[in-house]
Amino acid sequence: MPEAKLRVGVLASGRGSNLQAIIDAIEVGKLAARIAVVISNKKDAQALERARRHGVADVFLDPAPYKDRPDGREAYDRAVLAVLKEHEVELVALAGYMKIVTRVFIDAYPNRIMNIHPALLPSFPGLKAQQQALDWGVKVSGCTVHFVTEGVDTGPIIRQAAVPVQENDTAETLEARMLAEEHRIYPEAIQLFADGRLSVEGRRVRIR
Ligand code: GAR
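This is a predicted model, so every value here is computed, not measured.

Definitions and limits used
Residues numbered from 1 in each chain as written. Predicted model: local features only at pLDDT ≥ 70, side-chain atom pairs only at ≥ 80, totals over all residues. Heavy atoms only, no water. Phe/Tyr/Trp six-rings, centres within 6.5 Å; stacked < 30°, edge-to-face > 60°. Helix = DSSP H or I, 4+ residues; strand = E, 2+ residues; numbered from the N terminus. Lys NZ or Arg CZ within 6 Å of the ring centre and 35° of its normal. Contact = heavy atoms within 4.5 Å. Axes fitted to C-alpha atoms, helices over the stretch in contact; angles between N-to-C directions. Parallel < 35°, antiparallel > 145°, perpendicular 65-115°, else oblique. Left-handed = near helix turned anticlockwise from the far one by under 90°. Nonpolar A, V, L, I, M, F, W, Y, C, P; charged D, E, K, R; others polar.

**Some points on the packing of aromatic side chains**
- Using the criterion set out here, one finds one aromatic pair in the structure.
- Taking the centre distance of 5.5 Å and the plane angle of 85° together, the rings of Y66 and Y76 count as edge-to-face. Of the two residues, Y66 is situated in the loop between β3 (58-60) and α3 (72-86) and Y76 in helix α3; the sequence distance between them amounts to ten residues.
- Taking the ring centre of Y109 as reference, the NZ or CZ of K85 above it sits at 4.6 Å.
- Positioned above the aromatic ring of Y76, the side-chain terminus of K99 is 4.4 Å from the ring centre.

**Observations concerning the environment of Q20**
- As for its placement among the helices and strands, Q20 is situated in helix α1 (residues 17-27).
- C-alpha of Q20 to C-alpha of H54: the two residues are 34 residues apart in sequence and 9.5 Å apart in space.
- Contacts of Q20, omitting those with residues within four sequence positions, involve R50 and H54.

**Some details on the packing of α1 against helix α2 (residues 46-53)**
- Running from amino to carboxyl end, α1 crosses α2 at an angle of 20°, the nearest separation of the two axes being 9 Å. Taken together, the axes of α1 and α2 lie roughly parallel to each other. Crossing of α1 over α2 shows right-handed handedness. Two secondary-structure elements touch here, α1 through S17, L19, Q20 and I23 and α2 through A47, R50 and A51.
- Residue composition of the contact of α1 with α2, grouped by class: four nonpolar, two polar and one charged.

Such coordinate-based values are descriptive only and should not be taken to indicate function.
Printed below as a string of structure tokens:
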């Protein structure tokens, strides 16, 4: 009997190049997992199109109906969770998901939600991390895969890669080199999870 593969649910809001890197890693046999569903809060997210092209279930969940409710963010997350459960998702990968998830979401998947961020956390959390790095004048930036906890970009770190900043870098040129590293370390982090090699001890992620 073939071994059951880890079922990953990907949440993405835009271009979806990290999603693509995960799909590609699976297709070339570098990552033993399957993407059960891709969910987006943006109807025209390229990520949804990429999912369709690869025969992966894609779901657009419109946040608009939840916007004016006092518990709107939690209610939206419950709707996302319902889709993840329906697709029997075991690990959630945020890949350019530009929405802050709530406690409801985190409690449903403790230490089972990963995110990729384009900086060496804890430096430069939040938006436009590449521009933040340039503005600060750092000589080395990079990217981070971490588990998601409450708080923006603060969870235990799984994997990081350094990207040197070059003299003439713009946010765009730095981003391009950063993405190459993101696309390498995200599938690697998911493979470590799939192999059961990650354990979280406080802030530290142990890799066996
Ligand atoms: C990536 O650079 C990812 O690290 C970043 O958004 C981009 C999404 O690109 N995420 C964040 O900034 C989260 N704070 P993609 O849609 O092509 O994967």
